[in-house]
Amino acid sequence: MSGQGPDGASGAPAEPPGDLRPPTEARNPATVAIDRVPTLALVRLLNDEDHRVPRAVAAILPELAAAVEETTTRLAGGGRLHYVGAGTSGRVAAMDAAELPPTFGLPPGAVVAHLAGGPAALAGAVEEVEDDEEAGARAVADAAA
């Protein structure tokens, strides 16, 4: 996957207006006071939000199954699976990329993780890199070359 990003010379992309931000980047109205509530209320809030995940996944099971089938077909044909992520999700992708080949007998290099901020981001935060679409597109293009 690749996308067109902002002009690299312009610095970080401008943040879109609040209602245009992806849901993962917007403030969650249910948890805006999470730092000011008693501990029991805090864990209830987290638990309530966690319960939204299975419903969200259930809503896209056909698309998820199609993606799994396509990935399996491509891997069987010598293709590669690319994970692209930032922060914690990027670190989890890197761990998964390392573990999938020995667990499922995939050849080395069949699963590749691209972590915003590069190898330094495995052990610590690298700020201001997670929304650089151009850098993400370059990383994937470089891996395909």
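What you are looking at is a predicted structure, and each value in this text was computed from that prediction instead of being measured.

### Looking at the overall build of the protein chain
Counting secondary structure elements, the protein chain contains six helices and two strands. Burial statistics for the protein chain: of 145 residues in total, 12% are counted as buried. Taking all contacts inside the protein chain whose residues are at least 6 apart in sequence as the whole, residues at least 24 apart take part in 59%.

### Observations concerning the pairing of strand β1 (residues 81-85)
On any regular strand, side chains alternate: one points to one face of the sheet, the next to the other face. Bridge analysis of β1 against strand β2 (residues 111-115) gives five bridges, and the strand direction is parallel. Bridge pairing in β2 places Y83 opposite A113. The β-α-β motif built from β1, the intervening helix α4 (residues 87-104) and the parallel element β2 has right-handed crossover chirality.

### Topic: the pattern of salt bridges
Inspection of every chain in the model, using the stated rule, returns four salt bridges. E134 is paired through a salt bridge with R138; the nearest N and O atoms lie 3.1 Å apart. Separated by four residues within a single helix, E134 and R138 lie in helix α6 (residues 133-144), roughly one turn from each other.

### A few points about the confidence of the model for the protein chain
Detailed reading of the predicted coordinates is not advisable wherever pLDDT is low. On average, the protein chain scores 83 in pLDDT, and the residues at 70 or more come to 83%. Throughout residues 1-17 the model reports pLDDT below 50, and contacts reaching past four residues in sequence, or to other chains, amount to 14 contacts.

### With respect to a nonpolar patch on the surface
Taken together, V53, V57, I60, L61, L64 and V68 make up a surface patch of nonpolar side chains, about 480 Å² in accessible area. Every element with two or more residues in the nonpolar patch is listed here: α2 (52-58) and α3 (61-76). With three residues, α3 is the single largest residue contributor to the nonpolar patch. Structurally, V68 is set in helix α3.

Thresholds, definitions, all that
- Residues numbered from 1 in each chain as written.
- Predicted model: local features only at pLDDT ≥ 70, side-chain atom pairs only at ≥ 80, totals over all residues.
- Heavy atoms only, no water.
- Helix = DSSP H or I, 4+ residues; strand = E, 2+ residues; numbered from the N terminus.
- Buried < 20%, exposed > 50% of the residue type's maximum accessible area, 1.4 Å probe, protein only.
- Contact = heavy atoms within 4.5 Å.
- Pairing = 2+ DSSP bridges.
- Right-handed = clockwise from strand over helix to strand, strands pointing away.
- Salt bridge = Lys/Arg side-chain N within 4 Å of Asp/Glu carboxyl O.
- pLDDT = per-residue confidence, 0-100.
- Patch = residues over 30% accessible without salt bridge, like charges linked within 9 Å, V, L, I, M, F, W, Y side chains within 5 Å.
- Areas by Shrake-Rupley, 256 points an atom, 1.4 Å probe, with all protein chains shown as cover.

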